[in-house]
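An overview of the molecular structure
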Amino acid sequence: MRSDSLGKHPLITGTLLLTLTGVFSRIIGFFYRIFLSQAIGAEGMGIYQLTIPIHILTISITSSAIQTAISRFVAQAAAAQASSGGSTAPVRKRCNESCYLSAGLILSLSLSFFCTFLLYRLAEPIAVRFLEEPRCAPLLQILAFTIPFGAIHSCINGYFYGLKKTFVPAASQLLEQLARVISVWLFFQISLEKYQKISLNLVVWGMVIGELAAVLFSVSFLRKKKSHGNRLHALKQIFLMSLPLSANRVLVNVLQSMEAVMLPGQLRLYGYTSSEALSIYGILTGMALPMVLFPSVLTNSVSVMLLPIIAEAQEKQEHRYIINAVKKTCFYSLFLGLFCTLMFVVLGNWMGEFLFSNTLAGTFIVTLGWICPFLYLSTTLHSILNGLGKTTHTFFLNVLGLGIRIAFVLFVIPVSGIKGYLWGTLLSQITMALGALLMLLAHRSGTKKTGS
């Protein structure tokens, strides 16, 4: 029997709203990247992109796993309260939705202030010794100010995702992008009017303004609701779920940071100059990859909505619903992926020339287009695994995929150039998608054996 509360409407409407705002946000982002590529050049894009793994690393430590945990526990608390007829009495011991949000905020903000202090103080040694690019130091110091705002924004998003109310996360995402782009554009216009050199620092200050705008918007939609339950218990639950997820994402982002640092160096071993290596890295990560990842706005939206819905289905032991969700996820992800692969293979060279006036970007788009079916399938299946509480499974798959890419960076790029990295990316996505599918099939077999 399929529960009505697990019907299609929350998934479809939530996914549609997230997808629409995601599409608008990415369209704005594309014009923004075109603008940046012309304003700061390929080498400037390369320097800026070197700081992104550090930014993502701080997010993985302070908020992303906590957001996932909040989303899952809020969904389960809401389901438990709904099954009790709306009464809060049966769920006092388990904590209600507001209790999980406040516990998540306490944990996330504590970590974010600590990371802000460390990143600001250690920006120069990180830039010089780890990134091997001293020009990244002032960018990292400014980046540190985004961390607390990002933590608050992320926790509130997790709360609304758990309630399957996507308007606030979707609108705040769009507002953040608009605030960032408009502020950077204004900064650049002022610099031009004053005949000053355009600084990369302005790009990162735009990120700070974007996060601040998103936080102010998100907080304004919170309604004061009495927190029921033991907050320490909620904090413990969030911590225990987020710990393996955080370890997953921290290790993944440490490996991604290593990959980002090693890529220009390995390209130099192949024969490029330092400036050429940074330019190629900027073209790959700042132009080609965002183009190929553009359609993933749909699968990302589905993934965000799948996690709380799968968690709710597991709470109500709706195993047949979970199996159907996996089947439909596989079909639509593969369909979208194959369509996008065909589009990028046929139109990739034209996209590189038309959008970025860069032939190499077009070559990268064509090659990276082949990862689409596996990338989209992996994204959604990993969300289902997280919804089932199997966070260690996604941890293993992410580490395995990154290990493959790093191996190609170390051993194949010095021989084959940037093509070696593209081949490694394809192989890692295939491995992660097939691995997630096999793990879900194993879960299905285990469910049948228990007679659920």
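Residues numbered from 1 in each chain as written. Predicted model: local features only at pLDDT ≥ 70, side-chain atom pairs only at ≥ 80, totals over all residues. Heavy atoms only, no water.

Remarks on helix 6 (residues 146–162)
Taking 1.5 Å of rise per residue, the 17 residues of helix 6 would be expected to cover 24 Å, and the 24 Å separating its terminal C-alpha atoms lies within 8% of that figure. Counting buried positions along helix 6 yields 15 of 17 residues, so the element is predominantly enclosed. Lys164 sits one or two residues past helix 6 and shows a positive phi near 60 degrees. (Helix = DSSP H or I, 4+ residues; strand = E, 2+ residues; numbered from the N terminus. Expected span 1.5 Å × (residues − 1). Buried < 20%, exposed > 50% of the residue type's maximum accessible area, 1.4 Å probe, protein only.)

Quick look at the packing of helix 9 (residues 231–270) against helix 15 (residues 391–411)
Two numbers describe a pair of packed helices, the interaxial angle and the distance between the axes. At a minimum axis distance of 9 Å, the contact between helix 9 and helix 15 shows a crossing angle of 10 degrees. Compared by their axis directions, helix 9 and helix 15 come out roughly parallel. For the contact of helix 9 with helix 15, the residue count by class is 15 nonpolar, 7 polar and 2 charged. (Axes fitted to C-alpha atoms, helices over the stretch in contact; angles between N-to-C directions. Parallel < 35°, antiparallel > 145°, perpendicular 65-115°, else oblique. Nonpolar A, V, L, I, M, F, W, Y, C, P; charged D, E, K, R; others polar.)

Quick notes on unusual backbone geometry
The residue Lys164 is not glycine, and still its phi comes out positive at about 60 degrees. With respect to the helices and strands, Lys164 occurs in the loop between helix 6 and helix 7 (167–193). Backbone geometry places Ser357, a non-glycine residue, at a positive phi of 55 degrees. Tracing the chain through its elements places Ser357 in the loop between helix 12 (319–356) and helix 13 (359–368).

Re the pattern of salt bridges
Summed over all chains, the structure comprises 5 salt bridges. Residue Glu132 is joined to Arg268 by a salt bridge in which the shortest nitrogen-to-oxygen separation is 4.0 Å. With a gap of 136 residues between them, Glu132 in the loop between helix 4 (123–130) and helix 5 (137–143) and Arg268 in helix 9 connect regions that are remote in the sequence. Using a relative accessible area of 34% as the deciding quantity, one classes Arg268 as partly exposed. For Glu133, the salt bridge is made with Arg135, and the minimal N-O distance between the two is 2.8 Å. A single network of salt bridges, built from pairs that share partners, joins Glu43, Glu133 and Arg135. (Salt bridge = Lys/Arg side-chain N within 4 Å of Asp/Glu carboxyl O.)

Focus on the packing of aromatic side chains
Counting across every chain of the model gives 11 aromatic pairs. Ring geometry for Phe73 and Tyr100: centres 5.4 Å apart, planes at 15 degrees, overall stacked. Separated by 27 residues along the polypeptide, Phe73 in helix 2 (residues 64–83) and Tyr100 in helix 3 (residues 97–121) bring together distant segments of the chain. For the residue pair Phe73 and Tyr100, the accessibility class agrees, reading buried in each case. A centroid spacing of 5.3 Å and a plane angle of 75 degrees characterise the contact between Tyr159 and Phe160, whose relative ring orientation is edge-to-face. Like Phe160, Tyr159 is buried. Aromatic ring contacts, followed pair by pair, group Tyr120, Phe145 and Trp205 into a single cluster. (Phe/Tyr/Trp six-rings, centres within 6.5 Å; stacked < 30°, edge-to-face > 60°.)

Looking at helix 15
Between its first and last C-alpha atoms helix 15 spans 30 Å; for 21 residues at 1.5 Å apiece the expected length is 30 Å, and the two agree. Of the positions making up helix 15, those classed as buried are Thr391, Thr394, Leu397, Asn398, Gly401, Leu402, Ile404, Arg405, Ile406, Phe408 and Val409.

Focus: the confidence of the model for the chain
The predicted model of the chain has a mean per-residue pLDDT of 83, with 90% of residues at 70 or higher. Taking the mean pLDDT of every element in the chain, the minimum, 72, falls on helix 11 (residues 296–315) and the maximum, 94, on helix 5. Ignoring residues within four places in sequence, the model shows residues 1–8, a span with pLDDT below 50, making 17 contacts including any to other chains. Segment residues 88–92 is flagged for pLDDT under 50; beyond a separation of four residues in sequence, or across chains, it makes 9 contacts in the model. (pLDDT = per-residue confidence, 0-100. Contact = heavy atoms within 4.5 Å.)

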